[in-house]
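A look at the structure
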Amino acid sequence: MSHDPIATEKGGRHHIDAFLEMLSAERGAARNTLDAYARDLKDFAAFLAARNRGAAEARTLDVRDYLEGLSAQGLSASTAARRLSAIRQFHGFLYADGIRPDDPCGAIEGPRRARPLPKTLTVEEVDALLRAARLAEDGRSHEEAVRAYKRARLVCLMEVLYATGLRVSELVGLPLSAAKGDSRFLAVSGKGGRERLVPLSEAARLAIDEYLPLRVARLGDSVSPWLFPSRGRQGHLTRHRFAQLLKDLAIAAKLDPNRVSPHTLRHAFASHLLANGADLRAVQQMLGHADISTTQIYTHVLDGRLKQLVEEHHPLAKKETGS
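Residues numbered from 1 in each chain as written. Predicted model: local features only at pLDDT ≥ 70, side-chain atom pairs only at ≥ 80, totals over all residues. Heavy atoms only, no water.

1. A look at the confidence of the model for the protein
Of all residues in the protein, 81% attain a pLDDT of 70 or more, and the chain-wide mean is 81. Low pLDDT, under 50, characterises residues 304-310; the predicted model gives this stretch seven contacts beyond four residues in sequence or across chains. (pLDDT = per-residue confidence, 0-100. Contact = heavy atoms within 4.5 Å.)

In structure tokens:
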């Protein structure tokens, strides 16, 4: 059956206007939101009009073709997802009001948005932070013993974090017992009470060995079950306080403090391990990820390493570079 393009366009506008009125009256949508919906639906209606269909006559294939067209135009997945959301809500409105008996978006999957790559630091930047920790001075402390204790604690926190990739809550909440026993490993209780053993680097073991006697001297007769005790309500160093210390350390290391956080160091731990040949599943276990899909955000590191391996070791790659 043929369609009158003018009638098709007018019919589409009528339904879109009714949808926008509903958003304004029933949901209290802001003007900017209504304008954005209007633009997205107008673009979809123009696509349908070229197929001699009104906005209320879209088929599932039309929606799929429209999304593929957006991808071909080079529009981002987030833009395509936003337009699909407008189309979904529009057709949900048409279905709910009985204007059409079905919803063509029911079987449509949204475009996959690329997960942002984790922010991390280079090996050289981490080394600069560790050097700054060893030279740190607490200007508020007049006693050398107090300054030595706080410096050793900071070095220990940094070395353990970079050696293990612990979550900041796991790090500051380490019990004293975690640092006892086999010094090659650290016993960690993670999310959901799951326990894991994480290997310690030699630098981290030395930092713990240097910190523990100063911890005992600092506490005196008082007893604390925490590796990094504090006078606060929690009884141990807080996440917020450690983040502050890390920002100060970044400034001392001449790094942008906005780029440095406990989570950034966790990402650096994982990225540097993978870049140097570690297995993805081993890194998953050390990070305490329940599902390897969470660890796969680091596959960009693996991709780069595989490319380097091919370029350096594949005979054809060598032949090409030599020609």
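2. Let's talk about helix H9 (residues 239-252)
If you check H9, its first and last C-alpha atoms are 20 Å apart, about what 14 residues at 1.5 Å a residue would give, namely 20 Å. Looking at H9, one finds that the buried residues are Phe242, Leu245, Leu246, Leu249 and Ala250. Along the axis of H9, the buried residues cluster in a sector spanning 145 degrees; they form a single face. Opposite the buried face of H9, at more than 90 degrees from it, the exposed residues are His240 and Ile251. In this fold, the buried residues of H9 make contact with helix H5 (123-134), helix H6 (144-164), helix H7 (168-172) and helix H10 (262-275). Just past H9, the residue lysine 254 takes up positive phi, approximately 60 degrees. (Helix = DSSP H or I, 4+ residues; strand = E, 2+ residues; numbered from the N terminus. Expected span 1.5 Å × (residues − 1). Buried < 20%, exposed > 50% of the residue type's maximum accessible area, 1.4 Å probe, protein only. Arc of directions from axis to C-beta.)

3. Things to note about the pairing of strand E2 (residues 195-199)
Of the two faces of E2, the one holding Arg196 and Val198 is buried and the one holding Glu195, Leu197 and Pro199 is not buried anywhere. Relative to E2, strand E1 (residues 185-189) is paired through five bridges, and the arrangement is antiparallel. Each bridged residue has a counterpart across the sheet, and for leucine 186 the counterpart in E2 is valine 198. (Pairing = 2+ DSSP bridges.)

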